Amino acid sequence: MHPQSQQSSFAFSVSHRLEDTTPGAGDGGRRHGRTGTITTPHGEIRTPAFIPVGTKATVKAVLPGAMADLGAQALLANAYHLYLQPGADILDEAGGLGAFMNWPGPTFTDSGGFQVMSLGSGFKKVITMDVPVDADKAGADDRVAVGKERLAHIDDDGVWFKSHLNGDRHRFTPEISMQVQHQLGADVMFAFDELTTLMNSRGYQEESLERTRLWALRCIAEHERLTAERSHRPYQALFGVIQGAQYEDLRRKASSDLGGMDFDGFGIGGALEKENLGTILGWCSDELPEDKPRHLLGISEPDDLFTGIENGADTFDCVSPTRVARNSAFYTPDGRWNLSNARFRRDFTPLVEGCDCYTCTHYTRAYIHHLFKAKEMVSATLISIHNERFVVRMVDDARAAIEDGSFYELKAEVLGRYYTRTSSS
C-alpha cells in the first residue's frame, strides 16, 4: 500500500504482555494488556500512554514546553476544528501540525467525524456514554438534543454540516477527511467514520457499520494516493475506527473487517456504556491484529484507564484534565477536589504532597485558589499542568507495573484509594 521507505518510519512492537507477567491473575482468562513502542517520524511513544488533547493545535492554557516537561509523549489535535480555523492549508504551509504549534514530538489528529456528528446533533460530549437508551422508540435515529438544530446530514457519500462558528455549510467525505489530515501533517490520523449514539436503533447501527466499512476502504485508497503524491513529507500512519455500539456481533464484525484492511493501527470509539467498556474493548482486541496499536478514544477517568489497559488499549486521549481544570477541579490520589472551595483559602500545601509537577513544586493551594477567585487565567494553566501530569503518570505507572508483574496490585491500590471518598459519600 505505502512506499516502503516512508512506511518504515512508523512501526509498533510489543514488549511485555499482561498474561505473561501476571500469570493466574483475575479469572485466569486471556489478558490483552501489553506494553510496547510506537515509532513515528517524530519520535517514539512507549505504551500504554495517555495522549493529551490540543484540540486547536494547543493544549488549552499550557505551553508545549510545559507539556514535554510533564511527560507527555504525544499530543492530539482535532481535524474538524483546524479545518474550520485556521484552515488545513495554513498548517501545511507551516510544515505540519508539530511545526505550527512548536511541538517536536509525535502528533495525532482525529478525523473530525466525532465533532461533525456530535455537534451536528447537539449532544456534544454526552453522546458516547451514560445516555439513556431508548433505541426502539420511533424517531430515535433522528434524535437531536433539546433546543438544538440538526447541523449534520449524512448520506452514503459523506456528510453535509454547518460550521458551529458561523453557520457556513461544509462537506466532509472520506476523501476530504484524508486530504485535510494530510495537510495537517500529524504522525497518526484516523479514517473518517460515522458516529452513532446509544439511542440509535439496531437497524441503523447495522446500516452505519456498513457505511463506515465502505468509507474505510475509500480512506485507504485516498491515503495511498496522497502518500505517493506527498512523498516529500514524513509518512503519516492511518488508523481505522471500530464502531458497533454495545453490540458484540457488530463490534467483532467491525474489528474483523477493518482488521483485515491495510491500516497501521486502530481507534476504538463510538457509543458505549461505561460499565461495559472492558467487555466491548475485549471483543475488539480479540479480533484485531496483535501487531498493530489500538487507541481508545476519549478516555481519562482512572477506572476507565485501568480497564482500557487491561483489555488491550495502547493509547488514550481525552480533554477532561484541562476541561475540569478550568472549573478549578484538580486530581489527587484520593479523588477529584474543587479548589474554589473556601477551605483552601489558607491551605499553604501543594495540590498533592509529593507530586513532581511544576505546579506542585512551586505553588500552594491557597495561591491557586486566590487566582481562580480573582479570575486570573494562570489558574487554569497551573491546574491543567497538574491534572495532565497526574493522568500521564498514572498510565506510565501502569505500564511499569505490567512489566514488573504488579499491575493488578497497582490497579487495586490506585482505584481503591481514588474512589473511596466517592463511594462513601
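Placed above this text is the structure.
A closer look at the environment of Lys411
Okay, so step 1: In this structure, Lys411 sits in helix α17 (residues 407–418).
Okay, so step 2: Classification of Lys411 by relative accessible area gives partly exposed; the value is 21%.
Okay, so step 3: Taking the C-alpha atoms as reference, Lys411 lies 8.5 Å from Asp303; in sequence the two are 108 residues apart.
Okay, so step 4: Once residues within four sequence positions are removed from consideration, Lys411 is found in contact with Phe306, Glu310 and Gly416.

Some points on the nonpolar core
Okay, so step 1: Core analysis: the biggest nonpolar cluster contains 96 residues, and Phe263 and Phe407 have the highest contact counts within it.
Okay, so step 2: Residue contributions to this core peak at eleven residues, all from helix α16 (residues 378–404).
Okay, so step 3: Not counting residues up to four positions away in its chain, the partners in contact with Phe263 are Ala191, Ala216, Ile220, Leu238, Phe239, Gly240, Leu258 and Lys292.
Okay, so step 4: Judged by nonpolar contacts, the second largest core, of 16 residues, contains Val53, Ala74, Leu76 and Val188.

Here's the deal with helix α11 (residues 277–287)
Okay, so step 1: When you tally the buried positions in α11, you get eight out of eleven residues, the bulk of the element.
Okay, so step 2: Within the sequence span of α11, burial applies to Leu277, Gly278, Ile280, Leu281, Gly282, Trp283, Cys284 and Ser285.
Okay, so step 3: Buried residues belonging to α11 abut β11 (237–242), α10 (248–259), β12 (265–268), β13 (294–297) and α12 (302–310).

Some thoughts on the state of the cysteines
Each disulfide is one covalent bond, formed between the sulfur atoms of two cysteines.
Okay, so step 1: Tallied over the full model, the rule gives zero disulfides.
Okay, so step 2: Here Cys357 is not cross-linked by a disulfide; its sulfur's nearest cysteine counterpart is in Cys355, at 3.6 Å.
Okay, so step 3: Taking the relative accessible area as the measure of exposure, Cys357 reaches 3% and is therefore buried.

Cut-off values and rules
Residues numbered from 1 in each chain as written. Predicted model: local features only at pLDDT ≥ 70, side-chain atom pairs only at ≥ 80, totals over all residues. Heavy atoms only, no water. Helix = DSSP H or I, 4+ residues; strand = E, 2+ residues; numbered from the N terminus. Buried < 20%, exposed > 50% of the residue type's maximum accessible area, 1.4 Å probe, protein only. Contact = heavy atoms within 4.5 Å. Core = buried A, V, L, I, M, F, W, Y, C linked by side-chain atoms within 4.5 Å. Disulfide = S-S within 2.5 Å.

Keep in mind that these numbers describe shape and distance, not what the molecule does.
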